[in-house]
Amino acid sequence: MKKIFVSGHNGMVGSAICRQLQQQPDVEILSRTRAELDLCDQAAVLDFMKSTRPDEVILAAAKVGGIHANNTYPAEFIYQNLQIQNNVIHAAHLNDVQKLLFLGSSCIYPRQVPQPMRENALLTGILEPTNEPYAIAKIAGIKMCESYNRQYGRDYRSVMPTNLYGPGDNYHPENSHVVPALIRRFHEAKEKNFSEAVVWGSGTPKREFLYVDDMAEASIFVHTLHKDIFAAQTQLMLSHVNVGTGEDVTIRDLAETVKEVVGFTGNLVFDTSKPDGPPRKLMDVEVLSNLGWTASVGLRDGLRHSYQDFLNNQNIRCK
């Protein structure tokens, strides 16, 4: 029986990864809530690794949020994410965990990078100011994994997902990402018979969206690939892999699709006083495709699943 520690198992991505791992009869999932294990506490993380002796680690824990949250709490975003990564990766190494998967974000790439964004665009330009602290932390996590591989021969890999959505998402009115924010706003507008609903920004930026169960499947796929196959498509110090669909939509088109799925019949008003973020963010997924994986859940189907999850859990996830 293989023991895998999934940090952040209650989060959207971590819970999706656990759903995938639970289908494997030879895997025992190790998990701890935030109350049980503070990943920002170095000594506690070391003690946990020493006492449980996981065979592998999947690092899905992070402080995350949308544009508003990143703009409002930049210190927390860089500090907490660096602490979590440093503690988990280093403790894994000290306890001889040979395989680890680190989950990052597409925000690691420069604001003005050519589209679609290839892995080799990392560190080639200025980052998007609205989420620079978070991006810096994620870049550090990639380089930490690569450095332990280089110096100690570990097999620590990194996957960089595009914008994620799906079951387990956060529907907070201000700190959520765009898909859950639109789902909640349009649902409430429908329930209250509003004639219009507000969408932040101009609606012109283009974004790529990946259903979270696809992300979980891709993560486990990359994590379990034979080392020689993975090495043939990556480099020692450029080893992260993009995970996405390879397709994007404007925020306006996304909003129209969410509106249809939710069943809101009013008008959409675009608030241009709110930040747009980068004009476009599309992943180049050629490396992942060459490794043998492609996404399978379309945007409209994924949004339907997400809205049903919202209806089932809105009393829990809207606070």
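To start, this report covers the structure provided alongside it. (Residues numbered from 1 in each chain as written. Predicted model: local features only at pLDDT ≥ 70, side-chain atom pairs only at ≥ 80, totals over all residues. Heavy atoms only, no water.)

### Description of the sheet that holds strand β11 (residues 249-250)
Right, so step 1: In spatial order, the strands read β11-β8-β13; together these three strands make up an open sheet with mixed pairing. The strands lining the two open edges of the sheet, one partner per strand, are β11 and β13 (280-281).
Right, so step 2: Examined bridge by bridge, strand β8 (residues 206-207) and β13 share two bridges and lie parallel to one another. Bridging from a neighbouring strand, K206 pairs with R280 of β13. (Pairing = 2+ DSSP bridges. Helix = DSSP H or I, 4+ residues; strand = E, 2+ residues; numbered from the N terminus.)

### What about the pattern of salt bridges?
Right, so step 1: Using the criterion set out here, one finds 14 salt bridges in the structure.
Right, so step 2: Between E146 and K143 there is a salt bridge; the shortest N-O distance is 3.0 Å. On the criterion of helical spacing, the pair formed by E146 and K143 is a turn pair, its members being three residues apart in helix α5 (residues 132-152).
Right, so step 3: E146 sits in the buried class, given a relative accessible area of 0%.
Right, so step 4: Judged by its relative accessible area of 21%, K143 falls in the partly exposed class.
Right, so step 5: Across the salt bridge formed by E260 and R300, the nearest N and O atoms sit 3.0 Å from each other. Remark: R300 occurs in helix α11 (residues 299-317) and E260 occurs in helix α9 (residues 251-262); sequence separation between them is 40 residues.
Right, so step 6: Under the relative-accessibility criterion, R300 is labelled partly exposed at 36%. (Salt bridge = Lys/Arg side-chain N within 4 Å of Asp/Glu carboxyl O. Buried < 20%, exposed > 50% of the residue type's maximum accessible area, 1.4 Å probe, protein only.)

### Regarding the packing of helix α1 (residues 12-21) against helix α7 (residues 212-224)
Right, so step 1: Relative orientation of the contacting elements α1 and α7 amounts to 60°, with a least axis distance of 8 Å. Considered as vectors, α1 and α7 are oriented oblique to each other. The handedness of the crossing between α1 and α7 is right-handed. Contact residues: M12, V13, A16, I17, R19, Q20 and L21 in α1; V212, D213, M215, A216, E217, S219 and I220 in α7.
Right, so step 2: Among the residues forming the contact of α1 with α7, the class breakdown is nine nonpolar, two polar and three charged. (Axes fitted to C-alpha atoms, helices over the stretch in contact; angles between N-to-C directions. Parallel < 35°, antiparallel > 145°, perpendicular 65-115°, else oblique. Left-handed = near helix turned anticlockwise from the far one by under 90°. Contact = heavy atoms within 4.5 Å. Nonpolar A, V, L, I, M, F, W, Y, C, P; charged D, E, K, R; others polar.)

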